[in-house]
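The chain contents come next:
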Amino acid sequence: MRAEEVDQCGKCGLCLALCPVYQVTREETVSPRAKVQLIKHFARQDIQASPYLRDLVSKCLMCGACSSFCPSGVEHSGLFMRMRSQMTETFGQNWRLRVLHHLLSGSGQLELASRFARWGQKITRNMSRSSIGDIPLKRLPSLNSRPFRRQAPAVNEPEGQDRGTVLYFTGCATSYLYDQTGWATLKVLTRLGYRVKIPQSQQCCGMPLFAHGHEKQALGNIQSAVNLFGGQDIQAVVVDCATCGSALRTEYLRVLANLGQPVDRAQELAEKVYDVTEFAAKHTQELSAQVKIGAEARPVKVTYHSPCHLKNFQKVSAQIDTFLRDLPGVRYVQAADWESCCGGGGTFFYEFPEITREMVASKIDNAQNTAADIWLTGCPGCRMNLAGNLDQDSNLQLQHPIQVVAGLLGD
């Protein structure tokens, strides 16, 4: 840790009102400013590594709210990642993260694991008492019958006027869990006149690794993405996952700089990355002209949960909110806490279920109060957490925003 990084914190306490974990626990020790002070004293060797210190640093959603509004410019997320790395060097990697690292270090391992997982899901679906965190196994999404990247063509030609080529970073969730998001993305982009290429050798963005402090282990994933998607004559790199988008758009630069690696190519890539709903919002007029609405059709009523990685890292929540308001055929009702964290946070929901429980309950209450039919979110982790905690008899459906857009375009 560099001394100037931690010395920037003025301990003003503005982060307390923004930190979702602190708002639930009301424990100063888990607040962003407390973590920064702990890191400062650890760097100065005033305190030593301990399981308690490791747990305090882990009790964070890495949502980025504190960094986004810090008047002193403290980069909390980067500090916390590096502190987690220090704790791993001292105490080692737990077995769950060792397995995760192995699976995410290449597409082959993850595809093989998904085959076994599909078989396992058939057995565990009826185990009503089994759960991950507070989410019953039977409420988890079913795995795709085949990975999306094995189903979709590598090159998808545009409809109508050719406006150029975009690369599609599908991410792990779309490839293995939510292929309907992938098909909707292809439909919208090709209808807009873009040729969509899906690099078949892409793998995990690496965020699940370096967010837990395993920056060195994630370097291969980062370099693979930069080499595969960067430096090409294209209009954009489109991402349908808020977390993957943040990795490619902001976090690669931070991790590579911290590891002493060159960042030029990562910077070039970052400048071309768009979240798919943000990209659609840039073409609101063209899409609106293509919307097919029957004379007797009722507008689809939706509400929206803004993922932290879109709001705090990519800064595109407002554009998506406006897009949903302007899209014909949609009646958008904004929930009271539409920009609040859902408490999923990667592995946070099963490491600290008692905190997530309170956060997600409030989100669900406010979404249901809108009387919407569909709850939209552009993060598969949020989608899984929100859908998994809904009552079994709830009629509220979770979808990616691009699915609603694709549905409005007709066949």
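No experiment lies behind these values; they were computed from the predicted model shown. Starting afresh in each chain, residues are numbered from 1 along the sequence in its written order. In view of the model being predicted, local features appear only for residues whose pLDDT reaches at least 70, and side-chain atom pairs are presented and counted only at 80 or more, with totals across whole chains, interfaces and linings using the full set of residues. Think of the side-chain values as coming from all heavy atoms in the structure, minus any hydrogens and water.

S.K.: Is there a simple way to think about the sheet that holds strand β5 (residues 194-197) in this case?
M.R.: Strands belonging to one sheet form pairs held by backbone hydrogen bonds; the direction of such a pair is parallel or antiparallel. Two strands qualify as a pair provided DSSP detects at least 2 bridges between them. Helix and strand definitions here come from DSSP, where helices need a minimum of 4 consecutive H or I residues and strands a minimum of 2 consecutive E residues; each element is numbered from the N-terminal end. Across the sheet, which stays open at both edges, the 5 strands sit in the order β3-β5-β4-β6-β7 with mixed pairing between neighbours. This sheet does not close on itself; its edge strands, each paired only once, are β3 (155-156) and β7 (273-275). Where β3 and β5 come together, 2 bridges link them in antiparallel fashion. When the bridges of β5 are listed, Asn-156 appears paired with Val-196. Only heavy atoms matter for contacts: two residues are in contact if any of them lie within 4.5 Å across the pair. Structural elements are reduced to axes, namely lines fitted to C-alpha atoms, with helices fitted over the stretch in contact, and the angle between N-to-C directions of any two is expressed from 0 to 180 degrees. Seen against the sheet, helix α15 (residues 242-258) touches β4 (164-169), β6 (236-239) and β7 and runs at an angle of roughly 160° to β7.

S.K.: Mind showing me how you'd approach the packing of aromatic side chains here?
M.R.: To describe a pair of aromatic rings, you give the distance between the ring centres and the angle between the ring planes. Two aromatic rings from Phe, Tyr or Trp, using only the six-membered ring of Trp, form a pair when their centres are within 6.5 Å; if the ring planes differ by under 30 degrees the pair is stacked, by over 60 it is edge-to-face, and anything between is tilted. Scanning the model with the defined rule gives 9 aromatic pairs in all. Between the aromatic rings of Phe-169 and Phe-229, the centroid separation amounts to 5.3 Å while the plane-to-plane angle is 55°, which identifies the pairing as tilted. With a gap of 60 residues between them, Phe-169 in strand β4 and Phe-229 in helix α14 (residues 215-229) connect regions that are remote in the sequence. Take Phe-169 and Phe-229: they sit in the same class, and that class is buried. Throughout, exposure labels follow a simple rule: accessible area from a 1.4 Å probe, protein chains only, divided by the maximum for the residue type, with under 20% read as buried, over 50% as exposed, and the rest as partly exposed.

S.K.: Would you take a moment to explain the sheet that holds strand β11 (residues 397-399) for this structure?
M.R.: The sheet built from 4 strands is open, its strands ordered β9-β8-β10-β11 with parallel pairing. Of all strands in the sheet, those with a lone pairing partner are β9 (330-332) and β11, marking the two edges. Shown here is a sheet whose adjacent strand axes are inclined to one another by a mean of 35°, direction ignored. Both strand β8 (residues 300-304) and strand β10 (residues 374-376) contribute to a ladder of 3 bridges, which runs parallel. If you follow Tyr-304 over to β10, its bridge partner there is Leu-376.

S.K.: Can you help me understand the nonpolar core in this one?
M.R.: A general trend in soluble globular proteins is that nonpolar side chains are found buried together. Of all hydrophobic cores here, the largest spans 53 residues; its most connected members are Val-166, Val-188, Leu-287, Tyr-304 and Trp-375. Sort the elements by how many residues they give to this core and helix α24 (residues 401-408) lands first, with 5 residues. Excluding its chain neighbours within four sequence positions, the residues that come into contact with Val-166 are Leu-189, Tyr-194, Arg-195, Val-196, Lys-197, Gln-235, Ala-236, Val-238 and Phe-279. Only buried Ala, Val, Leu, Ile, Met, Phe, Trp, Tyr and Cys residues count toward a nonpolar core, and they belong to the same one when joined by side-chain atoms within 4.5 Å.

S.K.: Would you mind going over the layout of surface pockets with me for this structure?
M.R.: Think of a ball as big as a water molecule: rolled over the atoms, this probe shows where empty space is left. Space inside the second largest pocket adds up to approximately 360 Å³. Using a 1 Å grid laid over the protein atoms alone, points where a 1.4 Å probe fits but cannot get out form a cavity; open sets with protein on both sides within 12 Å along at least 5 of 7 lines form a pocket; any residue with an atom within 4 Å of a point counts as lining. For the second largest pocket, the lining is made up of 20 residues, of which Leu-18, Pro-20, Glu-339, Ser-340 and Cys-341 are closest to its centre. If you list the elements that add at least two residues to the lining of the second largest pocket, you get α2 (14-18), α3 (20-25), α19 (308-313) and α22 (353-369). In terms of residue count, α22 provides more of the lining of the second largest pocket than any other element does, 4 residues in total. Three residue categories are used. Nonpolar comprises Ala, Val, Leu, Ile, Met, Phe, Trp, Tyr, Cys and Pro, charged comprises Asp, Glu, Lys and Arg, and polar comprises the others, including Gly. Residue classes in the lining of the second largest pocket are distributed as 11 nonpolar, 4 polar and 5 charged. Grid points are joined across faces, edges and corners, and a volume is the space filled by probe spheres set on the points.

S.K.: Mind showing me how you'd approach the packing of helix α5 (residues 51-58) against helix α7 (residues 76-91) here?
M.R.: When two helices pack together, you describe them by how their axes are tilted relative to each other and by the distance separating the axes. Running from amino to carboxyl end, α5 crosses α7 at an angle of 150°, the nearest separation of the two axes being 10 Å. By crossing handedness, the relation of α5 to α7 is classed as left-handed. Contacts from Pro-51, Leu-53, Arg-54, Val-57 and Ser-58 in α5 reach Phe-80, Met-83, Arg-84, Met-87 and Phe-91 in α7. Considering only residue class, the contact of α5 with α7 consists of 7 nonpolar, 1 polar and 2 charged. Each helix crossing is assigned a hand: it is left-handed if the near helix lies turned anticlockwise from the far helix by less than a right angle, otherwise right-handed if that turn is clockwise.

S.K.: Would you explain the pattern of salt bridges in this entry?
M.R.: Side chains that differ in sign of charge can pair as their charged atoms come close. Basic side-chain nitrogens of Lys or Arg form a salt bridge, by our definition, when they fall within 4 Å of a carboxyl oxygen of Asp or Glu. Counted by the stated rule, this structure contains 14 salt bridges. Note that Lys-40 and Asp-7 form a salt bridge whose closest N and O atoms lie 3.7 Å from each other. Of this pair, Lys-40 sits in helix α4 (residues 32-43) while Asp-7 is found in helix α1 (residues 3-7), placing the two residues 33 residues apart along the sequence. Overall, Lys-40 belongs to the buried group, its relative accessible area being 11%. Asp-373 serves as the salt-bridge partner of Arg-298, at 3.0 Å between the closest nitrogen and oxygen. Highlighted residues: Arg-298 in the loop between α18 (284-290) and β8 and Asp-373 in the loop between α22 and β10, separated in sequence by 75 residues. Among the residues examined, Asp-373 registers a relative accessible area of 29% and is labelled partly exposed. Linked by salt bridges that have partners in common, Asp-7, Lys-40 and Arg-44 make up one network.

S.K.: Mind showing me how you'd approach unusual backbone geometry here?
M.R.: What is expected of a backbone is that most residues other than glycine have negative phi and most peptide bonds are trans. If you check the backbone angles, Arg-26 has positive phi at about 55° while not being a glycine. On the secondary structure map, Arg-26 appears in the loop between α3 and α4. We classify Arg-26 as exposed; its relative accessible area is 53%. The phi angle at Ala-371 is positive, at roughly 60°, despite the residue not being glycine. Mapping Ala-371 onto the fold places it in the loop between α22 and β10. A relative accessible area of 47% means that Ala-371 is categorised as partly exposed.

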